[in-house]
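# Structural characterization, general
This is what each chain is made of:
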Amino acid sequence: KFLLTEEFLHVPDGVKITIKSRKITVEGPLGKIEKSFKHIACELKIVNLNEKVRKGKHISIQMWFGRYKQTCQVNTLKGLIKNMLIGVTKGFVYKMRLVHA
């Protein structure tokens, strides 16, 4: 078991984040996204950091006493939230191609 697994994710300017009981709401210039992560046993907090490496507003993702597979969920959760942040700031474009033979 790992004692503590912790990751930080930077929140860009112009993005408003609300975290309440593992339900995350991200609002930006391109819209609003809500997602629930109640199935993952972790702690989510919004923190302001003034370290050398990390400055500004960050999301802290912590998991206590997790085994290997549970601690891998921290990086997955970080990736999902990162995609939410990209979606409300830059947006995504899907191009569909049709091939007929």
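Everything here concerns the structure above.
## Some thoughts on the side chain of H58
Note on placement: H58 falls in strand β6 (residues 55-66). For H58, a relative accessible area of 5% corresponds to the buried category. A distance of 3.2 Å separates a polar side-chain atom of H58 from the backbone oxygen of G56. Not counting residues within four places of it along the chain, the set of residues in contact with H58 comprises F8, L9, H10, V11, K45, I46, V47 and L49.

## Things to note about the nonpolar core
Membership of the largest hydrophobic core comes to 19 residues, with the highest contact counts inside it found for I17, I24, V26, I61, L77 and I81. Elements that contribute at least two residues to this core include exactly β3 (23-28), β6 and α1 (68-89). The element contributing the most residues to this core is α1, with 6 residues. Filtering out sequence-adjacent residues up to four positions away, I61 remains in contact with T5, E6, E7, C42, E43, L44, V74, L77, K78 and I81.

Calculation rules
Residues numbered from 1 in each chain as written. Predicted model: local features only at pLDDT ≥ 70, side-chain atom pairs only at ≥ 80, totals over all residues. Heavy atoms only, no water. Helix = DSSP H or I, 4+ residues; strand = E, 2+ residues; numbered from the N terminus. Buried < 20%, exposed > 50% of the residue type's maximum accessible area, 1.4 Å probe, protein only. Polar contact = N/O pair within 3.5 Å; in protein donor to acceptor, adjacent residues only side chain to side chain. Contact = heavy atoms within 4.5 Å. Core = buried A, V, L, I, M, F, W, Y, C linked by side-chain atoms within 4.5 Å.

That's the geometry; what it means functionally is another story.
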